[in-house]
Structure formats: C-alpha cells, structure tokens
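Spelled out from the first residue to the last, the chains are:
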Amino acid sequence: MPTTTVRDTGTHTGTHTGTHVGTVTPAGLRRLLDGDEEVAVLDVRDPVARAAGHLVRSAPAPLHDLERRARGLVPRLGTVVVASDPALDDHAAAILAGLGYERVHVLEGGLDAWRACGGRTYAGTHVLGTALGEWIGTTSAGADADADADADADADDDVRARARQTLEAAGVELVDAAGLARLVADPTRTTYVVDVRDLAEHAAGHVPGSLHVPGDRLVRAVEEHLAVRRAHVVIVDDADLLRSAATVARLRHLHDGPVHVHVHDGAAAPVPVPVPDVPVVDAVTGHELAAMLRARVVSVVDLRSSAAYAAGHVGGSVHARREQLPSLLPGLSSPVVLVGDDDLVPDFIAAEADRLLGGRGDVHILEGGIDAFPGNLTTADPSYAGPVVDRAGPPPSGPEGDAWHRARAAWAAGLLAAAAGDPDLDFDAGALGQSTSIRGLQPVRP
C-alpha cells in the first residue's frame, strides 16, 4: 500500500473520555515516528488481535496487565501514543495518565484510520526481527552483518578483535560504572540496561535492576523490550564483547537510538526499577476462599493466562481478561474473588472491578495467588468468558502445529516484498538512519 500525504493539525490536547490526554492523527503519528524526540507507541489489544495486524513500530502492552508492564516498557514519563483499538485505547490512555505519564495521545480512529491514510500494518508476531532475518539472508550487506553476529563461534584473539571492530563500526561506546550511572540518572532520556549473557552468567553476577534478555531473544523480539524509539540502550557483556558484538550487528538495524556496552565487573550501582503505586485492595486467604466455596457464596474469576487456567484451576471458576469484566461482573453473584499468580497480580484489576460494581467492596483478590489455594485444582469443566485470545504462537505438536509452521515460513518469506517502500522496514537505508560513523571505543575504567 503506498503512503499518502495527509493534511491535518497533527496532535492536540484536551479532555478525552474524562481524562486530560491528547489525540494524534495518523499523519501526526508519522511525524512523531520520524522525528527526533523519544516516543513509545503501545498496542494494548490482546495477542491474537495484535497478530492480526499492527503497527510494526509499536510495542505489545496488553490492557490486561498494563499498569505493571507500562513502567518497564516506558520507564520515563514522556510521550506515549496508544494505537490499536479505539475503545481499548481510551481505557488505556486513562490508565497511563493515572500513572503519571505526561503526554499521552490516542491515535484518532485507531488502526483503521492509520490504514485509510496509507499507513502499513503487519500480521504476525516479531515482525521486525523476522524481516531483518530475511533481509540478512538476501543481501550482501546482510551477509556481512550475519558474519559479525556469528562472532561468538570462536573465542580467539582474532574474533575478539573483530568483535571490537563490529562495535566500533556501529558507533558503540564502552561505558564504565560511572558512565552507566550517568546515563541511567539522566532525567531527559530513557536508558534501557540489558544483560545479553546467558542465564548461568547472569545468575553468577549482574548489574542489579538490569533486564536479562539473551542477545538472540532481544533481536528476535526487540519490540517487546525496547518500546521507546531513540532511547539509549546499554548492553551488559563480559570483557570478550562477543555477545554484545553479535547483538549490535543486528540491533543497529532495529533500534534507532544510541547503543553502549558495559563490561560487567561488579562495580556498577543498581539500576532503579520504576514501579507504580499499587492500590490497596481487599484480599482473602486460600483457606477463606475454600470455606466460601463450600458455602457456595462466592464467584471466582481466574485472570491468569489461558494455558495456566487450562492446566489447573479452582473448580467452578471462570477464566476472563480485564476487558471482559464490564460485561461479566454484573451477572456474577457477590462476593467476587480474582485469582492471579506470579505473572499476573490482579490488584489493579480488582480496584477497577470494584468501581464497576459501585465500590461496594464486593471484589477481592486471592492473597498469594493460585499457589495459596489449599484445595485440589482441576482441569475439568473449564469456563471461559470469551474466546481464548492470549495465544498467538503455534498450536501443540501435531498436524495443526505443522500447518502453523508451514504458514509461518511462507509468511516470513513474503515479508520483505510486503514491506517494500515502508520506511519502518527499510534496512537498506543504513541502520534506520542511525549514525554508523566510527567514534572509537572508549576505554573501560576499573
């Protein structure tokens, strides 16, 4: 689809669905994406809806657990654009404004308006990393990048030297503990600190507060971790620099902000981990819930992943997602107990659900999550408030799984042709416009 010119006023602020946020037109969003300032575009739909078509430069941030994910995705309270489904976007904008984000914009008309103005959307998952992999496989420049990325195959002196050359050619600077502290403390820009070493190395010692994402995973799913465009990224590695060089060889085509490398030596101060203020909500213990179930005076809503629910749930509970609660809750008998786990703590959802029911205090959470329930879990008689929408990956092994992988391979093979002319996937433009001038490696100071 060719890109068309749209005349409009770009962005404006005002009262939007009861919250002081802003709106942005499709052309205004294009200017934000092409500009010089930091911006994060969040897609708050469920994984299945996102996989049906999304902005390639957006980050998945499902409404279901937005409060806990937002500050990790967008650590600094700067510009955020919500661009997915208008009804969900309004809800998400109110949540983000409540978390303190200073400039929240909703894409006017959602993705339908974006496409109507000539904007591209892409089906599938991990579009950026997949498209880069296809480009690497079909171009000589990509072949060079692929060779650099495979530098960790042999840890001899020549390969270490090549790793340094890769970082130098990409304009990457090495920063010591003091330099890392300065980057993290700068309030004017976002800095992600990502440890790309393997799990054992990370467990043996790491920068406290850093995000652990092995380099291949960071490249494959970059949109899940580096949501802010033009943010600084500090890659944590060992002194041989092999993993960081392999990561940078590809990352410089995927991320348009400065990249640095920090060699872990135990001297770095902890990286602050931003967390939202958690609401105080009513909780019941596992034994209290068991007693309520025996007395048949409770409704149980399980908010965990559908896979976790299917593997074992409280008998009689219903699986639901946050966006389904407005239609589900009025039909349930009170009180209502929301069940989560280590991956989904439902305190924010409980506070919202209580407001939906008039603030009567009829909504509780299971303290300690599903592990605190003393009774036996069951796989029988599962009940779902709606379609299963949190599984966008392959089905279990078998004919359906084989068909999924064949379709995925065909989709990947056609991705570059589908992206022709799209500035967001123009790897030939030179690392997304990022400077690749050789600035030299700064020495690592003890």
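Quick look at the structure, then. (Residues numbered from 1 in each chain as written. Predicted model: local features only at pLDDT ≥ 70, side-chain atom pairs only at ≥ 80, totals over all residues. Heavy atoms only, no water.)

### Brief notes about the overall build of the chain
For step 1, the next point in the chain: A tally of regular secondary structure across the chain gives 18 helices and 17 strands.
For step 2, the next point in the chain: The 446 residues of the chain split such that 50% are buried.
For step 3, the next point in the chain: Across the chain, the fraction of contacts at a sequence separation of at least 24, relative to all contacts at a separation of at least 6, is 76%.
For step 4, the next point in the chain: For the chain, the accessible surface area stands at approximately 19700 Å², while carbon and sulfur atoms represent 53% of it. (Helix = DSSP H or I, 4+ residues; strand = E, 2+ residues; numbered from the N terminus. Buried < 20%, exposed > 50% of the residue type's maximum accessible area, 1.4 Å probe, protein only. Contact = heavy atoms within 4.5 Å. Areas by Shrake-Rupley, 256 points an atom, 1.4 Å probe, with all protein chains shown as cover.)

### Regarding the pairing of strand β5 (residues 79–82)
For step 1, the next point in the chain: The two faces of β5 match: T79 and V81 on one face and V80 and V82 on the other face are all buried.
For step 2, the next point in the chain: In the sheet, strand β3 (residues 39–43) pairs with β5 via 3 bridges, with the strands oriented parallel. Among the inter-strand pairings, V41 is bridged to a residue of β5, identified as V81.
For step 3, the next point in the chain: Across 4 bridges, the pairing between β5 and strand β6 (residues 103–107) is parallel. (Pairing = 2+ DSSP bridges.)

### Describing the packing of helix α6 (residues 127–138) against helix α17 (residues 399–413)
For step 1, the next point in the chain: Between α6 and α17, whose axes approach to 9 Å, the crossing angle comes to 70°. The orientation of α6 with respect to α17, classified from their angle, is roughly perpendicular. Residues V127, T130 and E134 of α6 form the contact with α17, whose participating residues are R408, W411, A412 and A413.
For step 2, the next point in the chain: By residue class, the composition of the contact of α6 with α17 is 4 nonpolar, 1 polar and 2 charged. (Axes fitted to C-alpha atoms, helices over the stretch in contact; angles between N-to-C directions. Parallel < 35°, antiparallel > 145°, perpendicular 65-115°, else oblique. Nonpolar A, V, L, I, M, F, W, Y, C, P; charged D, E, K, R; others polar.)

### Describing the nonpolar core
Looking at soluble globular proteins, one finds that nonpolar side chains tend to be buried together.
For step 1, the next point in the chain: Ranked by size, the top nonpolar core spans 62 residues in total, and within it L66, L96 and L425 carry the most contacts.
For step 2, the next point in the chain: Sorting elements by how many residues they give to this core places α6 first, with 6 residues.
For step 3, the next point in the chain: Within the second largest apolar cluster, 16 residues are counted, among which are L303, L325, L357 and V363. (Core = buried A, V, L, I, M, F, W, Y, C linked by side-chain atoms within 4.5 Å.)

### Quick notes on the pairing of β6
For step 1, the next point in the chain: Of all 5 residues in β6, 4 are buried, a share of seventy percent or more.
For step 2, the next point in the chain: For the crossover that starts at β5, traverses helix α4 (residues 86–98) and ends in the parallel β6, the hand is right-handed. (Right-handed = clockwise from strand over helix to strand, strands pointing away.)

### Points about the sheet that holds strand β9 (residues 211–212)
For step 1, the next point in the chain: Taken in spatial order, the 5 strands line up as β7-β12-β11-β8-β9 in an open sheet, and their pairing is parallel. Edge strands, defined here as strands with exactly one partner in the open sheet, are β7 (173–174) and β9.
For step 2, the next point in the chain: Bridge count for strand β8 (residues 191–195) against strand β11 (residues 232–237) is 5 bridges, and the pairing is parallel. Each bridged residue has a counterpart across the sheet, and for Y192 the counterpart in β11 is V233.
For step 3, the next point in the chain: Along the sheet, helix α9 (residues 177–185) contacts β8, β11 and β12 (259–263); its crossing angle with β8, the most-contacted strand, is approximately 135°.

### What about helix α3 (residues 66–73)?
For step 1, the next point in the chain: Those residues of α3 that sit buried are L66, E67, A70, R71 and L73. Across the axial projection of α3, the buried residues extend over an arc of 165°, all falling on one side.
For step 2, the next point in the chain: Against β3, β4 (59–60), α4, β8, β10 (228–229) and α16 (347–356) lie the buried residues of α3. (Arc of directions from axis to C-beta.)

### Thoughts on the sheet that holds strand β17 (residues 363–366)
For step 1, the next point in the chain: An order of β13-β17-β16-β14-β15 is seen for the 5 strands of this open sheet, with the pairing classed as parallel. In the strand order of this sheet, the two ends are held by β13 (283–284) and β15 (318–319), each with one partner.

### Notes on the pattern of salt bridges
For step 1, the next point in the chain: Overall, the coordinates contain 23 salt bridges when judged by the stated rule.
For step 2, the next point in the chain: For D186, the salt bridge goes to R189, with nearest N and O atoms at 3.1 Å.
For step 3, the next point in the chain: Ionic contacts of the salt-bridge type, sharing partners, join the residues R30, D34, R229, R230, D256 and D424 into one network. (Salt bridge = Lys/Arg side-chain N within 4 Å of Asp/Glu carboxyl O.)

### Section: the packing of aromatic side chains
Centre distance and the angle of the planes are the two values used to describe a pair of aromatic rings.
For step 1, the next point in the chain: For the structure on display, the rule yields 2 aromatic pairs.
For step 2, the next point in the chain: Both rings, one in W135 and one in F427, keep their centres 5.7 Å apart while their planes meet at 45°; by these two values the pair is tilted. Pair noted here: W135 is in helix α6 and F427 is in the segment after α18 (415–418), with a separation of 292 residues, a long-range link. For the pair formed by W135 and F427, the shared burial category is buried.
For step 3, the next point in the chain: Seen from their ring centres, Y309 and Y384 are 5.3 Å apart, and the 75° between their planes marks the pair as edge-to-face. You can see Y309 sitting in helix α14 (residues 306–311) and its partner Y384 sitting in the loop between β17 and α17, a full 75 residues away along the chain. (Phe/Tyr/Trp six-rings, centres within 6.5 Å; stacked < 30°, edge-to-face > 60°.)

### A closer look at unusual backbone geometry
For step 1, the next point in the chain: Residue P335 is bonded to the preceding S334 through a cis peptide linkage, with omega at 0°.
For step 2, the next point in the chain: Counting through the fold element by element, P335 comes out in the loop between α15 (325–328) and β16 (336–339).
For step 3, the next point in the chain: Even without glycine at this site, H126 takes up a positive phi of about 55°.
For step 4, the next point in the chain: Its place among the elements puts H126 in the loop between α5 (110–116) and α6.
For step 5, the next point in the chain: When its relative accessible area of 12% is taken as the criterion, H126 is described as buried.
For step 6, the next point in the chain: Positive phi, close to 55°, is recorded for R296, a residue that is not glycine.
For step 7, the next point in the chain: Its location among the elements puts R296 in the loop between α13 (286–294) and β14 (299–302).

### Here we look at α6
For step 1, the next point in the chain: Here α6 contains 12 residues, and its C-alpha end-to-end distance of 17 Å stays within 8% of the 16 Å for a straight helix at 1.5 Å per residue.
For step 2, the next point in the chain: Turning to α6, its buried residues number three or more, namely V127, L128, G129, T130, A131, L132, W135 and I136. (Expected span 1.5 Å × (residues − 1).)

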